[in-house]
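Listed here are the chains, written in short residue letters.
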Amino acid sequence: MASNLRQALLKKELQLYFQPKVDLKKSEIMGSECLVRWIKDGKLYKSPGEFIPVAETSGLILDLDKYVLSEACRQIEIWESSNMNGQKISVNISGVHFKQKRIIDTSKSVLNRFKIPKGSVELEITEGIFLEDIEEAADTLIELKALGFGISIDDFGTGYSSFKYLSRLPINRIKIDKSFIENIGNIENDIAITKMIISMGKLLNLNVIAEGVETKEQLNLLIENGCTEVQGYYFGKPMPLKEYEKFYRINKDKIDVLYFQKLFKIG
């Protein structure tokens, strides 16, 4: 598979899919997360769960990360000259890439090729990566922010979710892990953890987004507890580029404004 994956990178069989993120208070699509899919002969060939681990163990993850980041920045540059300007994209960065400290060089290389507004690309990095050496991680994140990237902690709540370490990291957003959202209406502990994460984010002036939102019940519970940003199948699945662009144009002004204004007591 490693050999096939190397060829897939060269042939551009790896494509970006985009899943919308919604700002509930503003009742608008705030951007998307780009997710990589391996497409062959017009069909899904391998799932990320199959090829990402192979990329990490074979060392191809560095090339894969660079490819995804490059394509995301390319798309932002294209959108900036169209009626989709102002879009934001989040990109997942592997722990292997971050720990090897190659992400700074990769980011500089990509930014030399594309002209994108500061803050238009947000790097998502899983929580566990920071725990080995907070100071070193903070230094790397400071450099990435200086380059113009936003920083988000992915899968938040699955590791050592400490107020102390959060306050020391230069981040913009925390993403509540979808495992808590799946059971938010049924398991009391998951509700408590979700509330704690939302409260922690507010205290530190961080944006908090919940991923994996699939039902109105989940959405309402998040709103009741002050979560204003969501992502999940309730609003939209990951889509190939053309499908996402169509989805955005149709729905950008049709998020249920009155419904969310009522829930948040806005206006």
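Residue indices begin from 1 for each chain and proceed along its sequence in written order. Given that the model is predicted, a residue must reach a pLDDT of at least 70 before its local features are reported, and side-chain atom pairs must reach 80 or more before they are shown or counted; all residues, however, enter totals for whole chains, interfaces and linings. To get the side-chain values, all heavy atoms of the structure are used, and hydrogens and water are removed first.

Caption draft 1: Region of the structure containing the pattern of salt bridges. Whenever Lys or Arg places a side-chain nitrogen within 4 Å of a carboxyl oxygen from Asp or Glu, that contact is recorded as a salt bridge. A complete count under the given rule lists eleven salt bridges for this structure. Arg74 serves as the salt-bridge partner of Glu71, at 3.1 Å between the closest nitrogen and oxygen. Pair noted here: Glu71 and Arg74 are both in helix α3 (residues 61–80), with a separation of three residues, about one helical turn. Using a relative accessible area of 18% as the deciding quantity, one classes Glu71 as buried. Between Lys242 and Glu245 there is a salt bridge, with its nearest N and O atoms 3.8 Å apart. With Lys242 and Glu245 both in helix α11 (residues 241–251) and three residues apart, this pair spans about one turn of that helix. Between buried and exposed lies partly exposed: a residue is buried under 20% and exposed over 50% of the maximum accessible area for its type, with that area taken using a 1.4 Å probe on protein chains only. With a relative accessible area of 8%, Glu245 lands in the buried category. Among the ionic contacts, a cluster of salt bridges with common partners joins Lys21, Glu33, Glu124, Lys175 and Glu211. Only DSSP runs of H or I covering at least 4 residues are called helices, and only runs of E covering at least 2 are called strands; the numbering of each starts at the N terminus.

Caption draft 2: A look at helix α10 (residues 216–224). Those residues of α10 not exposed but buried are Gln218, Leu219, Leu221, Leu222 and Ile223. Among the residues trailing α10, Gly226 stands out with phi positive, at a value near 90°.

Caption draft 3: Inspection of the environment of Lys175 at higher detail. Checked against the element boundaries, Lys175 lands in strand β7 (residues 173–176). Counting along the chain gives 21 residues from Lys175 to Asp154, while the straight-line C-alpha distance between them is 5.1 Å. Contacts are assigned to residue pairs that have any heavy atoms within 4.5 Å of one another. Dropping the residues within four chain positions of it, Lys175 is found in contact with Lys21, Glu33, Glu124, Ser152, Ile153, Asp154, Asp155, Phe156, Ile209, Glu211 and Gln231.

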